[in-house]
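Descriptive analysis of the structure
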Amino acid sequence: MQRFDRDPLGAIEEGHRQYGPVFRMTVDGNETVLVGTGAGLGELFAGERGRLEVLNTPLVHDLFGQALFNLSGDGHAEARRRLRPALGGRALPGYVSSLLEVTGPAAERWAQHGVADLYVAARALTGELSARILLGIVPGEADAAVFAAVFERFVAATGAPSGRDRLMTGRYWAGRAARRRLHALFARRAAGIVMKRDPGSALAGLVTAFEDAPQAAGPLPHHLLALLIAARETTASLITWCLVELASNREDAARAQAEAHTAMVTPGVLARRDELPVLRAVLAETQRLHSPNLLSMREAVCPVDLGGYRIPAGTRVAYSPSAGHFDPEVFPQPYAFRPGRFLDGEARGARLWAFGGGAHACLGRPLAELMALATMASVLHRGVPRLPGGLPGRIRYRPAKAPLMAVPLVIDRQETAA
Ligand code: HEM
């Protein structure tokens, strides 16, 4: 089989084309069973609880403690149950204005000065959006700068060696110190916010949900750090590719622009699934073509049957959220950006797996999609994005799909008059 890191997406897709929903290949030097296509993923997600566990490195266990993605069994299910209400669709209307208070000024800055590196700008934006919703931190307040700086040190530690060698590196220990400071910051924010009851933040709801949580569900600070990490690169990736595609498909951008103006007048539509069909179609088509996550890893804790094969305990198993996104039977002309396929009924959002599925399906999906919609609407309300340096050349796929080199972006204001 082709080596994983030469052309990861091509290798996985080609594997599924040749061998079907289940095949073996080497991932990062380890024999791994890849599961994909709609049928393969359906089987995987239906049967994973108690049979497959998320495979995280010692570094991830160490830095994130009892965070959701490090838990299994009843503790995991209990933590999900307690986190979900503050992150789910019903909570979204409460977050719309907080998000627009961040995306509006950011889009205005981008329109005035242009953006030197779209991915870097999108990552800064998702950092601010997550801090606003998950911690109640408003851009410009004193905690905003403190949080950004300390979080950055924590993020740097996630790049330390994944095994025992981590203990020999400065960035690992700096990350441990940063984690202590972040936990203290979370506790202080939680105490303040619960008193103020900020309706634009999820924090008060999360604090209440974890007040009487059993130990097995993990402490809220561990979950908060995990949410902040899970939200950042992935959502920045989605926003980046949405804007890249809008810049490259001006007819779609012009159609979406009409909805963006509506969203600025009646922001509540951003949280309603039956509104803004063109913007939502752009979001779905971008998820399909540019799924932010390349692979999710599991380990079989007992023998598992998948795709007609018996997979022994201890085997590494992985799925690529986007492995079924290029199937021409499901998505004709799979490599073309055609958001219209989601408008005319040719394609259904239910066939997209960018947010995973099963026991560990993304809990932040509603919030991530709202962040991306709010950003697109704020940008398109001011003009049409353009890439003066052309399309991204080389791409990296981990930790999330992103251009390898800086991609500049400008917003052409004159077209807002249309
Ligand atoms: C475009 C943005 C995002 C994408 C593409 C994405 C994708 C994913 C995927 C594929 C998984 C499943 C991983 C697995 O199967 O092991 C996942 C899990 C998770 N995501 Fe997201 N995510 C996004 C944004 C967010 C946001 C904004 C949050 C939080 C606010 C979040 C929180 C989580 C958490 C906590 C999990 C672990 C769930 C568990 O283990 O039970 N994600 N995400």
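Above this text sits the structure in question.
Residues numbered from 1 in each chain as written. Predicted model: local features only at pLDDT ≥ 70, side-chain atom pairs only at ≥ 80, totals over all residues. Heavy atoms only, no water.

As a further point, take the pattern of salt bridges. As enumerated under the stated definition, the model contains 27 salt bridges in all. Here R17 ties to E14 by a salt bridge, and the two come within 3.0 Å at their closest N and O atoms. A residue pair is termed a helical-turn pair when its members lie 3 or 4 positions apart in one helix, as R17 and E14 do in helix α1 (residues 8–19) at 3 residues. By relative accessible area, E14 is classed as partly exposed at 28%. One salt bridge in this structure joins R232 and E152, with 3.3 Å as the shortest N-O distance. Of this pair, R232 sits in helix α10 (residues 220–248) while E152 sits in helix α7 (residues 142–157), and the two are 80 residues apart along the sequence. Classification of E152 as partly exposed rests on a relative accessible area of 40%. (Salt bridge = Lys/Arg side-chain N within 4 Å of Asp/Glu carboxyl O. Helix = DSSP H or I, 4+ residues; strand = E, 2+ residues; numbered from the N terminus. Buried < 20%, exposed > 50% of the residue type's maximum accessible area, 1.4 Å probe, protein only.)

Moving on: the coordination of the iron atom of the ligand. When four donors bind a metal tetrahedrally, each ideal donor-metal-donor angle is 109.5 degrees, and when six bind octahedrally, the ideal angles are 90 or 180 degrees. A lone protein donor contacts the iron atom of the ligand, and this donor is C362 (SG), found at 2.3 Å. For C362, the position within the fold is in the loop between β7 (316–319) and α13 (365–382). (Donors = N, O, S within 2.8 Å, 3.2 Å for Na, K, Ca; no water.)

Taken together, 25 residues lie around the ligand, and R80, R298, Y319, H360 and C362 are the ones closest in. Here an oxygen atom of the ligand sits 2.7 Å away from a polar atom, N or O, in the side chain of R298. H360 is positioned with one of its side-chain polar atoms (N or O) 2.6 Å from an oxygen atom of the ligand. Every element with two or more residues in the shell around the ligand is listed here: α4 (73–87), α10, β4 (296–300) and α13. Top element by residues in the shell around the ligand is α10. It accounts for 6 residues. For the shell around the ligand, the class distribution of residues is 15 nonpolar, 8 polar and 2 charged. (Near = heavy atom within 4 Å. Polar contact = N/O pair within 3.5 Å; in protein donor to acceptor, adjacent residues only side chain to side chain. Nonpolar A, V, L, I, M, F, W, Y, C, P; charged D, E, K, R; others polar.)

Positionally, H290 belongs in the loop between α12 (277–289) and β4. By relative accessible area, H290 is classed as buried at 9%. Those residues within four positions of H290 in sequence are excluded, and the remaining contacts are W241, E245 and K401. (Contact = heavy atoms within 4.5 Å.)

This next bit is on the side chain of T240. Structurally, T240 can be placed in helix α10. Not counting residues within four places of it along the chain, the set of residues in contact with T240 comprises L118, Y119, A122 and P403.

By size, the foremost hydrophobic cluster in this structure holds 120 residues, and its most contacted members are W110, F147, L182 and L270. No other element matches the 15 residues that α10 contributes to this core. Setting aside its immediate chain neighbours within four residues, W110 contacts V115, A121, L125, L243, T375, V379 and I411. In this structure, V33, L41, L44 and V304 belong to the second largest nonpolar core, which totals 13 residues. (Core = buried A, V, L, I, M, F, W, Y, C linked by side-chain atoms within 4.5 Å.)

This part covers the sheet that holds strand β2 (residues 30–35). If you trace the 5 strands from one edge of the open sheet to the other, you get β1-β2-β7-β4-β3, paired in mixed fashion. Since the sheet does not close on itself, it has two edges, and those belong to β1 (22–27) and β3 (52–54), each with one partner. Across this sheet, the average inter-strand angle for adjacent strands is 40°, counted without regard to direction. On the sheet, α1 packs against β1 and β2 and is oriented at approximately 150° with respect to β1. (Pairing = 2+ DSSP bridges. Axes fitted to C-alpha atoms, helices over the stretch in contact; angles between N-to-C directions.)

Moving on to the pairing of β2. Both β1 and β2 contribute to a ladder of 6 bridges, which runs antiparallel. Bridging from a neighbouring strand, M25 pairs with T32 of β2. Here β2 runs beside β7; their pairing, made up of 4 bridges, is parallel. Along β7, the bridge assignment pairs L34 with A318.

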